[in-house]
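Here's the letter readout for the chains.
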There are 2 protein chains.
Amino acid sequence: MPELRLDPLLQRWVVIAPERAKRPMELHQEGRLNEVGFDPFAEGNEAHTPPETFAVRNPGSAPNGPGWRVRVVPNRYPALQFEDSLKPPDDLFDQRSENPFYQQQSGWGVHEVIIECPHNEASLCRLSRENFCEIIEAYQQRLLMLKQDPRLVHVTIFKNSGWQAGASVRHTHSQLIATPVIPMTVNQEIEGGERYFRQQGQSLFHELVRQETATGSRIVLETHDFLVFCPYASRFPFETCILPKQQKSHFEMVSPAEKEELGGVFKNVLQRLERVLSNPAYNYVIHTAPFTAPELPHFRWHIEILPRITGVAGFEWGSGLFINPVPPEEAAQRLRDSISHGATQ
Amino acid sequence: MPELRLDPLLQRWVVIAPERAKRPMELHQEGRLNEVGFDPFAEGNEAHTPPETFAVRNPGSAPNGPGWRVRVVPNRYPALQFEDSLKPPDDLFDQRSENPFYQQQSGWGVHEVIIECPHNEASLCRLSRENFCEIIEAYQQRLLMLKQDPRLVHVTIFKNSGWQAGASVRHTHSQLIATPVIPMTVNQEIEGGERYFRQQGQSLFHELVRQETATGSRIVLETHDFLVFCPYASRFPFETCILPKQQKSHFEMVSPAEKEELGGVFKNVLQRLERVLSNPAYNYVIHTAPFTAPELPHFRWHIEILPRITGVAGFEWGSGLFINPVPPEEAAQRLRDSISHGATQ
């Protein structure tokens, strides 16, 4: 059983998960993902994954058989203990440490894989805009379902693409981890938004959109509902953020019109990154408010895309002060110029 | 000129340093450090580095010539703009943004390399205990010197060993970066210590030593003045911390007796990690209070050693929630058992 432990100094939760050591890691030693071999995520191989928890399916197809376009399944090597039922015994869930200095609780939660297409394709941005919309639909549906369990307080949706970004399977996929605690970064972002709201009397994200639109130099793409930009204090070269223009703290509350538009925006940005950086390894993460919070006027959901083209060394780990050799204004310009007139595919 | 930029949400400083893109990076593409070739850090090649700022020298030897055992020189590819004089023009240093939303200031500071031995040796832990004491002496002397500039507020001393940990030169060396701002992690640790002191009326570090000594299972090594342990909420497998038993917030105030003992402790721990993990890549970082702070009763300097045997992927980057597959109790036991009776050379 994994264990959640809280660092007493930084109030930072960590998952201690000995089971994770057993998952296949040969790829990291070889330095690249295996191009051939058996693909457990491919259509027709549904029996090789745990039963699906959600799928976008063709009419008439049956669960856990062929005929799907996006499929969500539990991770075989979960970071947190997966339970088939969303309702594990309360005593398991609530098992906490009696030592007030070193707090811990059972590492129960949900760790799922979102398989983004039925065929063995490694690059998400080669899928169609419709595929992107269906992937976003899958994210939303899983959030809405997991939100029903009052003991889960937050879900992180993320993608590791390329071995340098931590991927262990070539077939394009993203993941979600639902936790009974709020991860440190989520807490820090919400506190930062609260502090700004208290001091300035308005939303930091509102002001951020105003500043970026006025300056223009860090904008990659702007649509009716979304602003895509390279953040002013980017930690990584070509770090890119997708931010909705309208206030909304919870990603699962995204509207049908926003989902439709986000599909095209997301594909467009990933295509630009692929062109400029020649198919880079990257991570993306959806930052969203905890289930336990109401709509927060000082926080807004957003997607952070982090190309992994530079390493992270001792200085960054120790100080939290990142050194970025590519000014975000230069990155944004190259991303803007990469596709003329916003034409995609 | 590099630029320091503050993220408005997280209050996180970032260095935007376009000059860094020009430094030699071929090693990262090859995936290992070049074993042969010219060594600019070797004795006799002093003319190939900028002039030294400090050295531990044999009697009668002259600066910037042979006859040294530890040598400190400015980094040729600095993350912050190095100035020969510790006193750059005030107007350069104080150049700040007028935009209150996006704060910035000139990326002036000091970035130096501590060359840990005169011969081409890649592994620090193969040096003698006396070498370790002289390296620690060099760290202290540089801190005391840099502290004299009232515009420098903090120094991070760190090491990247092995290419997976970000090293770009094989010859064993560490680095220091002196900044005119306090890095985010340093601020967070000091605030965490303050919060605990306010709530509990005592030092968190004092209680930590008490807890670890009482439990014993996470202790690697204990001496008169130091406790070496794998932290309760370790983010990385075999993460190890060297903590002084006596309260002291500033590393530069370490006593002669502590330095003497720390040399042996440091070598011993790195030897244990090398044996158990077969010469792993690793980072270490000295966490110390800012120059601008007086002795802080709620913070204590410490050294964090982070083996880099697992990758960091999207979930960790996005959430700050790390997944560690090796329980620190297991790591500590293997490190304890690796050298019998604490015997080292």
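Values in this document were obtained by computation on a predicted structure and should not be read as measured data. (Residues numbered from 1 in each chain as written. Chains lettered and ligands numbered in written order. Predicted model: local features only at pLDDT ≥ 70, side-chain atom pairs only at ≥ 80, totals over all residues.)

Each copy superposes on the other: chain A lies on chain B with an RMSD of 0.0 Å after a rotation of 180 degrees and an axial shift of 0.0 Å. Expressed as a symmetry operation, the mapping of one chain copy onto the other fits a two-fold axis. Interface residue correspondence from chain A to chain B reaches 100%, placing this contact among same-surface, isologous pairings. (Least-squares fit on C-alpha atoms with pLDDT ≥ 70 in both. Contact = placed C-beta atoms within 7 Å.)

Our next topic: the sheet that holds strand β12 (residues 282-287) of chain A. Consider a sheet: its strands pair through backbone hydrogen bonds, and that pairing is either parallel or antiparallel. Residues and elements named next belong to chain A. If you trace the 10 strands from one edge of the open sheet to the other, you get β3-β4-β6-β8-β7-β12-β13-β11-β10-β9, paired in antiparallel fashion. Each edge of the open sheet carries a strand with a single partner, namely β3 (54-57) and β9 (219-222). Neighbour to neighbour, the strand axes of the sheet diverge by 15 degrees on average, direction disregarded. Sitting on the sheet, helix α3 (residues 129-146) is in contact with β3, β4 (68-74), β6 (110-115), β7 (154-161) and β8 (173-179), with an inclination near 35 degrees to β4. (Pairing = 2+ DSSP bridges. Helix = DSSP H or I, 4+ residues; strand = E, 2+ residues; numbered from the N terminus. Axes fitted to C-alpha atoms, helices over the stretch in contact; angles between N-to-C directions.)

The next subject is helix α6 (residues 256-277) of chain A. All names here are of chain A. For α6, which comprises 22 residues, the first-to-last C-alpha distance of 32 Å matches the rise-based estimate of 32 Å (1.5 Å per residue) to within 8%. Inspection of α6 places Glu258, Leu262, Gly263, Val265, Phe266, Lys267, Asn268, Val269, Leu270, Arg272 and Leu273 among the buried residues, and these make up the whole buried set. Trailing α6 by a residue or two, Ser278 shows a phi angle of about 55 degrees, which is positive. (Expected span 1.5 Å × (residues − 1). Buried ≥ 20, exposed ≤ 12 C-beta atoms within 10 Å, placed from the backbone.)

Take the interface of chain A and chain B next. Taken together, the contact between chain A and chain B spans 66 residues of the former and 66 residues of the latter. Element by element, the count of residues in the side of chain A that touches chain B is highest for helix α4 (residues 184-200) of chain A, at seven residues. Bridge analysis of strand β14 (residues 322-324) of chain A against strand β2 (residues 12-16) of chain B gives three bridges, and the strand direction is parallel. Bridging from a neighbouring strand, Ile323(A) pairs with Val15(B) of β2(B).

All names here are of chain A. By the assigned domains, chain A splits into domain 1 (3-18 + 26-184) and domain 2 (185-342). Computed from C-alpha coordinates alone, the two centres of domain 1 and domain 2 are separated by 22 Å. Contact with domain 1, which involves 28 residues of that partner, is made by 28 residues of domain 2. Going through the elements one at a time, α3 and β7 are the ones with two or more residues in the side of domain 1 that touches domain 2. Per-element tally for the side of domain 1 that touches domain 2: the top contributor is α3, with eight residues. Class assignment of the residues belonging to the side of domain 1 that touches domain 2 gives a composition of 16 nonpolar, eight polar and four charged. (Domains from an automatic or database assignment. Nonpolar A, V, L, I, M, F, W, Y, C, P; charged D, E, K, R; others polar.)

A few words on the confidence of the model for chain A. All names here are of chain A. On average, residues of chain A carry a pLDDT of 90, and 89% of them reach 70 or more. For residues 24-31, every residue scores under 50 in pLDDT, and the model assigns this stretch nine contacts once sequence neighbours within four places are set aside. Interface confidence for the predicted complex, given as ipTM, is 0.89, next to a pTM of 0.92. (pLDDT = per-residue confidence, 0-100.)

All names here are of chain A. Taken N-terminus to C-terminus, the directions of α6 and helix α8 (residues 328-338) make an angle of 105 degrees; their axes are 9 Å apart at the nearest point. With respect to their mutual orientation, α6 and α8 come out roughly perpendicular. Here Arg272, Leu273, Arg275 and Val276 of α6 come into contact with α8, specifically with Arg334, Leu335 and Ser338. Its residues assigned to classes, the contact of α6 with α8 shows three nonpolar, one polar and three charged. (Parallel < 35°, antiparallel > 145°, perpendicular 65-115°, else oblique.)

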